[in-house]
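Results of the structural survey
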Amino acid sequence: MKVAIKGIERELICPACKELFTHPLILPCQHNVCHKCVKEILFAFEDAFADGGSESSNQSSPRIRISASSMDRIDRINRSGRKRNSLTPRSTLFPCPGCQRDIDLGERGINGLFRNFTLETIVERYRQAARAAIAIMCDFCKPPPQESTKSCMDCSASYCNECFKIHHPWGTVKAQHEYVGPTTNFRPKILMCPEHEMERVNMYCEICRRPVCHLCKLGGGHANHRVTTMSTAYKTLKEKLSKDIEYLISKESQVKAHITQLDLLLKETECNSERAKQEASQSFEKLYHVLEEKKSAALRAIETSKNIRLEKLQTQVEEYQGLLENNGLVGYAQEVLKETDPSCFVQTAKQLHVRIQKATESLKSFRPAAETTFEDFVVDTAKQEDILGDLSFHSNGLEIPEINEEQSRMYNKALICWECPGKTDSADIYVLEYHKLNREDESVTWQKTEVCGKSKLLSDLDDDSSYAFRVRGYKGSICSPWSREVILRTPPAPVFSFLFDDKCGYNNEHLQLNPRRTSVESRAGFPLLLGSERLQVGCYTTLDYIIGDTGIAKGKHFWAFRVEAYSYLVKVGVVPSNKIQKLFHNTHDVTSPRYEQDSGHDSGSEDAFFDSSQPCTLVTLGMKKFFIPATPAAPKDPASRILPLPSCLGICLDCDKGRVGFYDAGHMKCLYECEVDCSGIMYPAFALMGGAAVHLEEAVTAKYREYHDDI
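Everything numeric here is computed off the predicted structure, so don't read it as measured data. (Residues numbered from 1 in each chain as written. Predicted model: local features only at pLDDT ≥ 70, side-chain atom pairs only at ≥ 80, totals over all residues. Heavy atoms only, no water.)

What about the overall build of the protein?
Check the secondary structure of the protein and you find 14 helices and 36 strands. When burial is assessed residue by residue, the protein has 33% of its 711 residues classed as buried. Taking the intrachain contacts of the protein between residues at least 6 apart in sequence as the baseline, contacts between residues at least 24 apart amount to 61%. Accessible surface computed for the protein: about 45,100 Å², of which carbon and sulfur atoms make up 53%. (Helix = DSSP H or I, 4+ residues; strand = E, 2+ residues; numbered from the N terminus. Buried < 20%, exposed > 50% of the residue type's maximum accessible area, 1.4 Å probe, protein only. Contact = heavy atoms within 4.5 Å. Areas by Shrake-Rupley, 256 points an atom, 1.4 Å probe, with all protein chains shown as cover.)

Here is the structure:
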């Protein structure tokens, strides 16, 4: 089946100038662009590099303009620093208008591109079919020129019969020239290599999918590539193209069915969009009607109140006008005074006197009969304005994000992380809102921040406060519903930063620090095994102490750490500077069975002795448990003083009040609090025995950087 020439116009249009191809060049991405368009785009692209992608660099020729996407790529490449200078290999970037990608033309640039002569021939045939009535004139006739009958491919010119005989006489070399019908498309008989201009292409590179010459294969850029002969490539590609065309032709009915289906989808899209517009309009019309009704009711109420007030004030005005001389009440009273008959006067004057007394009292305490202000009719629309400001389209296709409480952290700063249930990032941008929970303040004011990713670092939160967080996704004007509100609590005091001290009393035989001094682990190996022969029922085992490298003199501070679940025994707390030496010299802590509280001895007296003998304030952790110390205020039952060990433990030291608290740092819940002597400089203290490890909680900024890089 022969395809009509008029049905292929879209394949013959240059993607840059949107006109029929003129001397098209084949780009490495296999798209075709006019030779002139390639030069103009390349010059404009390089000018944009020189100008830093400024707005003025986009003023290309009227024939072609760089698209916005191309300018975005120019800005991106400028920012990445990919500029060419005299010290770097020449590499020409070209923004292909067909596939919208940046194509590397290599060192030769335009000179390394092939002309697509086949496409030129097809374009010429199309032009001839489009202008069949317009003849190609002879190039050598004297005026007036005659219509040409043939064109010489060797001379690249058109001739009438007479001129062709004159310029191609029999018996000469020119008589052997190849001639065709009248045409303006002249192409060489032999396709030459653009890199080696004197060599004809006779091979086809299967890797680069382009014709090459033997020099390209021997020592050029295709030396290690797989090539085939031109005849083989011609046969193979022609067979593939023929089969593909035959397949497409055989599927013509299917293509037509798809086109019919797409036409229906186009109409359905139009109808659905109109229906969506109508539904949106109806929704807004309902709001308009509600507002109009509220407006009418408010105006009617104001008007009714106005009329009542005006009536009262007008009546009061008339009453006071009656008090004027020769007017109203005063004039009537004056006439009554003229009555000489006592009985008649008394009969009338009694009631008149009461009215006169009321008028006199009203003069002594003047008060308007009605208020002039309408403050009780003020309409408060603040909440409604906020609601209307958040009014937007909700889409079922846009997933509702969920705040991940495990990844979110409240420490020196707040890191709020969220994710989509379907693990797909369908939103273009997210809006995170948060507000402080305050029982006294009934009105809630959400603070809003826009986020491009799925996490946000906040540093403006108050200490010892609970905050509610929620997030929603936006894609254009469409937004998802708000996520479930999550309440997180900030630390009870500013975070105190320190590292483990590797100098003061540090026992490197029993304890091992990591290079950053943020983690310490006890070695329960050979020292304990070598002394095992001397271990008897009543002996002591050793606690290895380590302190922080920074002390606290005043104020309220908080720090957090994690204790490994396998830890046998860990003690944590604070120690004053004047008792540090005593701490490290008193290395034999009581861990003997003869001092167990359940050994039959008087536990109360032993606890008192134990507390008085300790140089620092510590609590005991171990075997995934948190042990509340035995104090007069603590429960008598030991089982009730054992709590599950939190995943992250915090300590809050208030030097001004002389108190130290131990917290579940994940929920900022106080587990135990006691008094402490803060007369000296206070240091964080840790003690380990057996297999145990403690890791200081790092600042949120460091963790956030690692988390952000993982994304």
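A word on the sheet that holds strand β5 (residues 114-115)
Pairing between the strands of a sheet comes from backbone hydrogen bonds, and it takes one of two forms, parallel or antiparallel. With antiparallel pairing, three strands are arranged side by side in an open sheet as β2-β1-β5. Two strands close off the open sheet at either side, each with one partner strand: β2 (32-34) and β5. The pairing of strand β1 (residues 24-26) with β5 spans two bridges and is antiparallel. Considered in β5, the bridge of Leu 25 is made with Arg 115. (Pairing = 2+ DSSP bridges.)

Observations regarding the nonpolar core
Formed by 48 residues in total, the largest nonpolar core has its most connected members in Trp 559, Phe 561, Val 572, Leu 653 and Phe 686. Here this core gets five residues from one element, more than from any other, and that element is strand β26 (residues 556-563). Counting 23 residues, the second-largest nonpolar core is a separate cluster that includes Phe 21, Leu 27, Val 33 and Cys 96. (Core = buried A, V, L, I, M, F, W, Y, C linked by side-chain atoms within 4.5 Å.)

Let's talk about a nonpolar patch on the surface
Among the surface-exposed residues, Phe 284, Leu 287, Tyr 288, Leu 291 and Leu 388 lie close enough to one another that they form a single nonpolar patch of about 480 Å² accessible area. Considering each element in turn, the nonpolar patch owes the most residues, four residues, to helix α7 (residues 252-322). Relative to the helices and strands, Phe 284 resides in helix α7. (Patch = residues over 30% accessible without salt bridge, like charges linked within 9 Å, V, L, I, M, F, W, Y side chains within 5 Å. Salt bridge = Lys/Arg side-chain N within 4 Å of Asp/Glu carboxyl O.)

Brief notes about unusual backbone geometry
Glycine aside, negative phi is the norm for most residues, and most peptide bonds take the trans geometry. Phi at Ser 156 is positive, roughly 55 degrees, even though this residue is not glycine. Assignment of secondary structure puts Ser 156 in the loop between β6 (150-152) and β7 (157-159). The phi torsion at Arg 209 lies on the positive side, around 55 degrees, for a residue other than glycine. Secondary-structure assignment places Arg 209 in the loop between β9 (203-205) and β10 (210-212).

Section: the packing of aromatic side chains
A complete count under the given rule lists 13 aromatic pairs for this structure. Aromatic pair Phe 140 and Tyr 159: ring centres 4.8 Å apart, planes at 5 degrees, arrangement stacked. Here Phe 140, found in the loop between α3 (117-130) and β6, pairs with Tyr 159, found in strand β7; they are 19 residues apart in sequence, far enough to count as distant. Judged by relative accessible area, Phe 140 falls into the partly exposed class, the value being 37%. A relative accessible area of 2% places Tyr 159 in the buried class. Between Tyr 467 and Phe 469 the ring centres are 6.4 Å apart and the planes differ by 35 degrees, which places this aromatic pair in the tilted class. What links up through ring pairs into an aromatic cluster is the set Phe 140, Tyr 159 and Phe 164. One Lys or Arg, Lys 150, reaches over the ring of Phe 164 and ends 5.0 Å from the middle of that ring. The ring of Trp 482 has Arg 470 lying over it, and the distance from NZ or CZ to the ring centre is 4.2 Å. (Phe/Tyr/Trp six-rings, centres within 6.5 Å; stacked < 30°, edge-to-face > 60°. Lys NZ or Arg CZ within 6 Å of the ring centre and 35° of its normal.)

Notes on the pattern of salt bridges
According to the stated counting rule, one finds 19 salt bridges in the structure shown. The salt bridge partner of Asp 428 is Lys 475, with a shortest N-O separation of 3.4 Å. A residue pair is termed long-range when its members are at least 10 positions apart, and Asp 428 in the loop between β15 (414-419) and β16 (429-436) and Lys 475 in strand β19 (residues 466-475) qualify at 47 residues. Since its relative accessible area comes to 43%, Lys 475 is described here as partly exposed. Of the charged contacts in the structure, one is a salt bridge between Asp 464 and Arg 489, with a shortest N-O distance of 2.7 Å. Residue Asp 464 is located in the loop between β18 (455-458) and β19, and its partner Arg 489 is located in strand β21 (residues 486-489); the two are separated by 25 residues in the primary sequence. Judged by relative accessible area, which is 29%, Arg 489 ranks as partly exposed. Each of Arg 409, Arg 562 and Glu 697 takes part in one network of salt bridges that share partners.

With respect to the packing of helix α8 (residues 328-337) against helix α9 (residues 342-364)
Taken N-terminus to C-terminus, the directions of α8 and α9 make an angle of 150 degrees; their axes are 11 Å apart at the nearest point. By the angle between their directions, the pair α8 and α9 is classed as roughly antiparallel. Crossing geometry of α8 relative to α9 is assigned as left-handed. Residues Leu 329, Tyr 332, Ala 333, Val 336 and Leu 337 of α8 pack against Phe 345, Thr 348, Ala 349, Leu 352, Arg 355, Ile 356 and Ala 359 of α9. (Axes fitted to C-alpha atoms, helices over the stretch in contact; angles between N-to-C directions. Parallel < 35°, antiparallel > 145°, perpendicular 65-115°, else oblique. Left-handed = near helix turned anticlockwise from the far one by under 90°.)

Re the pairing of strand β29 (residues 617-622)
Across the six residues that make up β29, a large majority, five, are buried. Where strand β27 (residues 569-576) meets β29, five bridges bridge the pair, whose relative direction is antiparallel. Paired with Val 570 across the bridge in β29 is Leu 621. As paired strands, β29 and strand β30 (residues 625-627) are joined by three bridges and run antiparallel to one another. Across the sheet, residue Thr 620 finds its bridge partner in β30, namely Phe 627.

Comments concerning the sheet that holds strand β25 (residues 544-547)
As summarised here, the arrangement of the six strands in space is β25-β35-β27-β29-β30-β31, forming an open sheet in which the pairing is antiparallel. Both edges of this open sheet fall to β25 and β31 (642-644), since each of them pairs with a single strand only. Taken over all neighbouring pairs, the strand axes of this sheet differ in orientation by 25 degrees on average, direction set aside.

Details of the environment of Gly 473
Position of Gly 473 among the secondary structure elements: in strand β19. Note on Gly 473: relative accessible area 0%, which makes it buried. Separated by 19 residues in the primary sequence, Gly 473 and Lys 454 have C-alpha atoms spaced 10.0 Å apart. If we ignore the near neighbours within four places in the chain, the residues touching Gly 473 are Leu 398, Pro 401, Ala 427, Ile 429, Tyr 430, Ile 478, Cys 479 and Ser 480.

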